[in-house]
Amino acid sequence: MSISSRFSVGIHILALIELNNEGVTSSEFLAASVNTNPAVIRKLMGMLKKAGLIEVQPGIAGAKLAKELSRITLFDVYKAVNVVQEKELFSIHGSPHPDCFVGRNIQHTIEPIFTAAQLAMENVLRNVTMEDVVGDIANKENIC
């Protein structure tokens, strides 16, 4: 099981919007970079807009960041594009057999472990900003 690729694509979109600040960052342009369909990009851009991370105008190609890079954390992006029914990253299978000694105890045993793992991941994402991501890309590409 893994986190949906929407998360990495959301980060990709935001980074490219910032680094392409001289050009028009349309859904077609973004889709070419991500190597996906523009409709997928438009859906994700809608999620990022709803979360207040980007600004787009109907009928006008292009998008821009709604906040400074240093004020957008990876956790913000994760929350914006994570369309999971539950708030928890990990799901615990329901209805294990109560007559089985493992079935009786598994949920209570692994639930705190899963909670701790999710909190650790969220804390890491809260401490990394889009400024960090864009800066790393710019350094790798020698972009000033």
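Residues numbered from 1 in each chain as written. Predicted model: local features only at pLDDT ≥ 70, side-chain atom pairs only at ≥ 80, totals over all residues. Heavy atoms only, no water.

(A) Representation of the side chain of Ser27. Structurally, Ser27 can be placed in helix α2 (residues 27–34). Judged by relative accessible area, Ser27 falls into the buried class, the value being 10%. A polar contact of 3.4 Å, which involves the side chain of Ser27, links it to the side chain of Glu28. Reaching out from Ser27, the side chain makes a polar contact with the side chain of Arg42 at a distance of 2.9 Å. Non-local contacts of Ser27, meaning those with residues more than four positions away in its chain, are made with Pro38, Ile41, Arg42 and Met45. (Helix = DSSP H or I, 4+ residues; strand = E, 2+ residues; numbered from the N terminus. Buried < 20%, exposed > 50% of the residue type's maximum accessible area, 1.4 Å probe, protein only. Polar contact = N/O pair within 3.5 Å; in protein donor to acceptor, adjacent residues only side chain to side chain. Contact = heavy atoms within 4.5 Å.)

(B) Layout of the packing of aromatic side chains. Under the defined criterion, the tally for this structure stands at three aromatic pairs. Ring centres of Phe7 and Tyr78 lie 5.5 Å apart, and the angle between their planes is 80 degrees; this geometry places the pair in the edge-to-face category. Placement of Phe7 in helix α1 (residues 6–19) and of Tyr78 in helix α4 (residues 74–81) is noted, with a sequence separation of 71 residues between them. For the pair Phe7 and Tyr78, one class covers both residues: buried. A network of ring pairs unites the aromatic residues Phe7, Phe75 and Tyr78 as a single cluster. The lysine or arginine in question, Arg126, covers the ring of Phe75, its NZ or CZ lying 4.0 Å from the ring centre. (Phe/Tyr/Trp six-rings, centres within 6.5 Å; stacked < 30°, edge-to-face > 60°. Lys NZ or Arg CZ within 6 Å of the ring centre and 35° of its normal.)

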